[in-house]
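Each chain is listed here by its residues.
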Amino acid sequence: MHEYSIVSSLLERVGAEARAHNAIAVHRLTVRIGAAAGVDPDLLSKAYQMFREGTLCAGAELCVQRVEEQWACPECGRTIARGEILRCGQCAMPARLVSGDEIILEQIEMEVP
Amino acid sequence: MCQDCGCGDPEIVPVEVHERLLSANDRVAHHNRAHFVEHGVLALNLMGSPGSGKTATLEAMARAPGANRKLAAVSGDLATDHDAQRLRAAGIPAATITTGSACHLDAEMVHKALHDFELDGLDLFVIENVGNLVCPAIYDLGQALNVVALSVTEGEDKPLKYPVIFRNADAVLLTKIDLLPHLGVSIRNFDDAIARVMPQPRVFPVSARTGEGLDRWLQWLDEKRIRADL
Ligand SMILES: Nc1nc2c(ncn2[C@@H]2O[C@H](COP(=O)(O)OP(=O)(O)OP(=O)(O)O)[C@@H](O)[C@H]2O)c(=O)[nH]1
Ligand SMILES: [Mg+2]
Ligand SMILES: [Zn+2]
Ligand SMILES: [Zn+2]
Ligand SMILES: [Zn+2]
């Protein structure tokens, strides 16, 4: 359950950012989580509900944007579906993950004086 | 919100961050990597399920003929010191990183352990991660190579069920192949599953029991080491 340790990194980062802006409160956090990132968005949200108590984020909504897992051939661009052999049938090149491994803090909405 | 008079009502501002959530870990991992590079040590992050044969493979590497590589290791363990004891008994300088309830190692834990080791003169530094196919996958420790130990007893579908750890791996050690005759599974099926989650599959079938396959694995490590030294 590394979602807990991800949430504590999140709260630390947000806390630092909020202090730097002299924020009174945080209203919303936006994160992007890829389908192939190894982070479960539901577990992340649950861990967040638990850990935000008593922090600047106590009243802040966590908005999780999900990103699809997409593979493509770096040579010809042909998409390779998840579950297929990860090699282009035409060029024999190893597929590249185009998107889906994101674990990113995008935006913090905070209330400043 | 007060628009006109400048009375100082609070306002809501969006602050753009666009940064990896694990960037604090990434920074420490980067620092660890600099330590390894500075000392010319090839660092390995050895992951795999509990009991997949991570420690046994290291023991076998110490026994392997022509083993002139200087090897040291740290083992992540929730509660015990067993693995480090086994490794020391096999002649490998080793320490335990006790993780308590944490199900993976992070770069900070490795950094703390690192400063207890004399890295000078080492060829290979192995970080045996906590037995777990999920959580260790996303933490950079500063290693040069990610390796997953997958034992043939775990089932041919494990790569498909735990794709992230295999995608991020540089090599897979398919362990305990001495047991293949008893299991009705084939290396070909493991290879097929791995090729669906790992774009550049590299699989080393090995047995720590018989020593089979260790030569190819060690040769690959030596090649990586030489390249890291340049
Ligand atoms: N037959 C056979 N058994 C093996 C082999 N390698 C390991 N084992 C057995 O598998 C069990 C687990 O091996 P370990 O080396 O402790 O596995 P590990 O991955 O280090 O385990 P944890 O660190 O506890 O997650 C032990 O009983 C080993 O004797 C092998 O090549 N062949
Ligand atoms: Mg072990
Ligand atoms: Zn975990
Ligand atoms: Zn192609
Ligand atoms: Zn240091």
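For the structure given in this document, a descriptive report is provided here. (Residues numbered from 1 in each chain as written. Chains lettered and ligands numbered in written order. Predicted model: local features only at pLDDT ≥ 70, side-chain atom pairs only at ≥ 80, totals over all residues. Heavy atoms only, no water.)

With that settled, consider the pattern of salt bridges. Residue and element names in this part refer to chain B. One pass over the structure, following the stated rule, counts 18 salt bridges over all chains. Between Arg20 and Asp26 there is a salt bridge, and its shortest N-O distance comes to 2.8 Å. Measuring nitrogen to oxygen at the nearest pair gives 3.0 Å for the salt bridge that ties Asp157 to Lys158. Where salt bridges share partners, they join Arg69, Asp123, Asp222 and Arg225 into one cluster. (Salt bridge = Lys/Arg side-chain N within 4 Å of Asp/Glu carboxyl O.)

A few words now on the site of ligand 1. Residues and elements named next belong to chain B. Close to ligand 1 lie 18 residues; Lys54, Thr55, Ala56, Arg86 and Asp178 are nearest. One of the backbone nitrogen or oxygen atoms of Gly51 is found 3.0 Å away from an oxygen atom of ligand 1. Taking Arg209, its main chain carries an N or O atom lying 3.2 Å from an oxygen atom of ligand 1. Relative to its unbound accessible area of 650 Å², ligand 1 is 73% covered by the protein chains. For the shell around ligand 1, the elements supplying multiple residues, two or more each, are α2 (54-63) and α3 (82-89). Of all the elements, α2 adds the most residues to the shell around ligand 1, at 3 residues. Its residues assigned to classes, the shell around ligand 1 shows 4 nonpolar, 7 polar and 7 charged. (Near = heavy atom within 4 Å. Polar contact = N/O pair within 3.5 Å; in protein donor to acceptor, adjacent residues only side chain to side chain. Areas by Shrake-Rupley, 256 points an atom, 1.4 Å probe, with all protein chains shown as cover. Helix = DSSP H or I, 4+ residues; strand = E, 2+ residues; numbered from the N terminus. Nonpolar A, V, L, I, M, F, W, Y, C, P; charged D, E, K, R; others polar.)

This part covers the side chain of Glu106(A). Residue placement: Glu106(A) occurs in strand β6 (residues 103-112). In terms of polar contacts, Glu106(A) uses its side chain to reach the side chain of Arg32(A), at 3.1 Å. Apart from residues no more than four positions distant in its own chain, Glu106(A) is found in contact with Thr30(A), Val31(A), Arg32(A), Gln65(A), Val15(B), Glu16(B), Val17(B) and His18(B). (Contact = heavy atoms within 4.5 Å.)

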